[in-house]
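# Chain and residue survey
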Amino acid sequence: MHILVTNDDGILAPGIKALAEALRPLGEVEVVAPDTGQSGAGHAVTFLTPLICERISLRGEFFGWSVAGSPADCVKLGVRELCRRRPDLVVSGINAGANRGVDVIYSGTVAAAVEAAFIGIPSLAISLASRGGFDFERAGQWARRIVGRALELGIAPGTVLNVNLPPLDRGEPQGVRVVRQSTAPWTDVYDRREDPRGRSYFWLADSGERDASREPDTDLGALRAGFVTITPLQYDLTEYRRLRWLERHWNEEGAP
Ligand code: MN
C-alpha cells in the first residue's frame, strides 16, 4: 500500500505530521504538501507561476516535498512527478478545523482528495473540529482506524470520503455516522476596520453558526452531536433532475 499524504494547512502544520506518522503502519507514506497555508483555496490550480518544490526534513530526516502551490497542485505533482510510484490511496489532512456542509466547496483539504479521485485514486479528507485545542495525536489514531476500515471495506477509484472528527480534547466521540452533506449556507460575519490611511477594509471573522439542529442526518448535525462523520462525495456537479426537465423544454434541432 502506497499512500500519498497532503493537506491545505501547509507541510509544517501539526496535523499532517500526525497523519503521516499515524498511517505508516498501513503502508509506505509519502508527503507532498503546500509550502504555506492554503485553507480556503478550494480546487485552485497553478499554471501562471512555477511550482517550486523543496525537500523538507524534520529533525534531520526527510519528511516530504513542499510545493509552492495549492493542495490540488500537490496531488497532481505528487502523482505525476514526485512520488516514487503511483499512490494507491491519497489522504488529505488532518485539517485544523471541520470541513462539513458547504465547507467542502471552499476547502483545500477536500479539493486535494477530489483531485485524487479525478486521477482515479481513492481518497479520504480528514478534518478535526475544535472547541479551542486540537489533539492531533488522538486524531491521528482515529485517522488510522478510519483509513484502515476504508481499506478493509475496499474503496474503489473515484471514491472520496469526507471525514470529520469531533473535538477530541474533551472526550471520546459518540460513534461513527455515515451522513449526507448539509447545504446550509454560511452566515458570514465581517469585521469592518480602518487602515492607517482611513480606508475601510473587511476581514471575514466568522462563518457563523449554521442551524444544524433540524438536520441530524447531515454532517453538520451529526458532528455537532459529537459523532465522527463520513460523507462520500461526488464531483459530477450535474443536477440530473433539472437536466431532464431542461432537455425536454430547451433542446432544439436545426437553426431557428
Ligand atoms: Mn486548512
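The model shown is predicted, which means the values in this text are computed figures rather than measured ones. (Residues numbered from 1 in each chain as written. Predicted model: local features only at pLDDT ≥ 70, side-chain atom pairs only at ≥ 80, totals over all residues. Heavy atoms only, no water.)

### A closer look at the nonpolar core
- V31, V91, L124, I126 and L165 are the most contacted members of the largest nonpolar core, which totals 33 residues.
- For this core, the element with the highest residue contribution is helix α5 (residues 136-153), accounting for 7 residues.
- The contacts of I126, once residues within four sequence positions are left out, are L19, V91, S92, G93, I94, N95, T109, A143, V147, V163 and L165.
- Judged by nonpolar contacts, the second largest core, of 15 residues, contains C74, L77, A112 and A116. (Core = buried A, V, L, I, M, F, W, Y, C linked by side-chain atoms within 4.5 Å. Buried < 20%, exposed > 50% of the residue type's maximum accessible area, 1.4 Å probe, protein only. Helix = DSSP H or I, 4+ residues; strand = E, 2+ residues; numbered from the N terminus. Contact = heavy atoms within 4.5 Å.)

### Overview of a nonpolar patch on the surface
- On the surface, V45, F47 and L48 cluster together to form a nonpolar patch covering roughly 390 Å² of accessible area.
- Turning to its location among the elements, F47 is positioned in the loop between β2 (28-34) and β3 (53-58).
- A relative accessible area of 69% places F47 in the exposed class. (Patch = residues over 30% accessible without salt bridge, like charges linked within 9 Å, V, L, I, M, F, W, Y side chains within 5 Å. Areas by Shrake-Rupley, 256 points an atom, 1.4 Å probe, with all protein chains shown as cover. Salt bridge = Lys/Arg side-chain N within 4 Å of Asp/Glu carboxyl O.)

### Let's talk about the packing of aromatic side chains
- Going through the model one piece at a time under the given rule, you end up with 4 aromatic pairs.
- Seen in terms of ring centroids, F118 and Y235 are 4.9 Å apart; in terms of plane orientation they differ by 75 degrees. Their pairing is edge-to-face. Taken together, the positions of F118 in helix α4 (residues 108-119) and Y235 in the loop between β11 (228-233) and α7 (240-250) put the pair 117 residues apart, joining distant regions of the chain.
- A residue is classified by how much of its surface remains accessible, and F118, at 45% relative accessible area, is partly exposed.
- Over the ring of F62 we find R55, and its NZ or CZ is 4.2 Å from the ring centre. (Phe/Tyr/Trp six-rings, centres within 6.5 Å; stacked < 30°, edge-to-face > 60°. Lys NZ or Arg CZ within 6 Å of the ring centre and 35° of its normal.)

### Some words on the packing of helix α1 (residues 14-23) against α5
- In the contact formed by α1 and α5, the axes pass within 8 Å of each other and the chain directions differ by 45 degrees. Looking at the two axes, α1 sits oblique to α5. Helix-helix and strand crossings are classified by hand; for α1 and α5 the assignment is right-handed. Contact residues: α1 offers P14, G15, A18, L19, A22 and L23, while α5 offers F136, G140, A143, R144 and V147.
- Residue composition of the contact of α1 with α5, by class: 8 nonpolar, 2 polar and 1 charged. (Axes fitted to C-alpha atoms, helices over the stretch in contact; angles between N-to-C directions. Parallel < 35°, antiparallel > 145°, perpendicular 65-115°, else oblique. Left-handed = near helix turned anticlockwise from the far one by under 90°. Nonpolar A, V, L, I, M, F, W, Y, C, P; charged D, E, K, R; others polar.)

### Describing unusual backbone geometry
- Note that the residue after G93, namely I94, is joined by a cis bond; omega there is -10 degrees.
- Structurally, I94 can be placed in strand β5 (residues 89-96).
- One non-glycine residue, R59, lies in the positive phi region at around 50 degrees.
- For R59, the location among the structural elements is in the loop between β3 and β4 (61-67).

### Concerning the coordination of the manganese ion
- Only D8 (OD), D9 (OD), S39 (OG) and N95 (OD1) from the protein reach the manganese ion as donors, at distances of 2.1 to 2.2 Å.
- Written as a sequence motif, the donor residues of the manganese ion are D-D-x29-S-x55-N. Separated by 30 residues along the polypeptide, D9 in the loop between β1 (2-6) and α1 and S39 in the loop between β2 and β3 bring together distant segments of the chain. (Donors = N, O, S within 2.8 Å, 3.2 Å for Na, K, Ca; no water.)

### Topic: the pattern of salt bridges
- Across all of its chains, the model carries 13 salt bridges by this definition.
- Linking D103 and R100 is a salt bridge whose minimum nitrogen-to-oxygen distance equals 3.0 Å.
- Using a relative accessible area of 5% as the deciding quantity, one classes D103 as buried.
- We classify R100 as partly exposed; its relative accessible area is 21%.
- A salt bridge links R138 to E172; the nearest nitrogen and oxygen atoms lie 2.4 Å apart. Here R138 is found in helix α5, whereas its partner E172 is found in the loop between β7 (160-165) and β8 (176-178), with 34 residues between them in sequence.
- By relative accessible area, E172 is classed as exposed at 52%.

### Things to note about the layout of surface pockets
- Size it by volume and the largest pocket reaches roughly 660 Å³.
- If you trace the largest pocket, you find 33 residues lining it, with G97, A98, R100, A129 and S130 closest to the centre.
- At the level of elements, β5, α3 (103-106), α4 and α6 (219-224) are the ones that each hand at least two residues to the lining of the largest pocket.
- The element best represented in the lining of the largest pocket is α6, accounting for 3 residues.
- Across the lining of the largest pocket, the residue classes tally to 11 nonpolar, 13 polar and 9 charged.
- Looking at the second largest pocket, its volume works out to about 470 Å³.
- Looking at the lining of the second largest pocket, the elements with two or more residues in it are α3, α4 and β11.
- It is α4 that contributes the most residues to the lining of the second largest pocket, 4 residues altogether. (1 Å grid on protein atoms, 1.4 Å probe; cavity = no way out; pocket = protein on both sides within 12 Å on 5 of 7 lines; lining within 4 Å. Points joined across faces, edges and corners; volume = space filled by probe spheres on them.)

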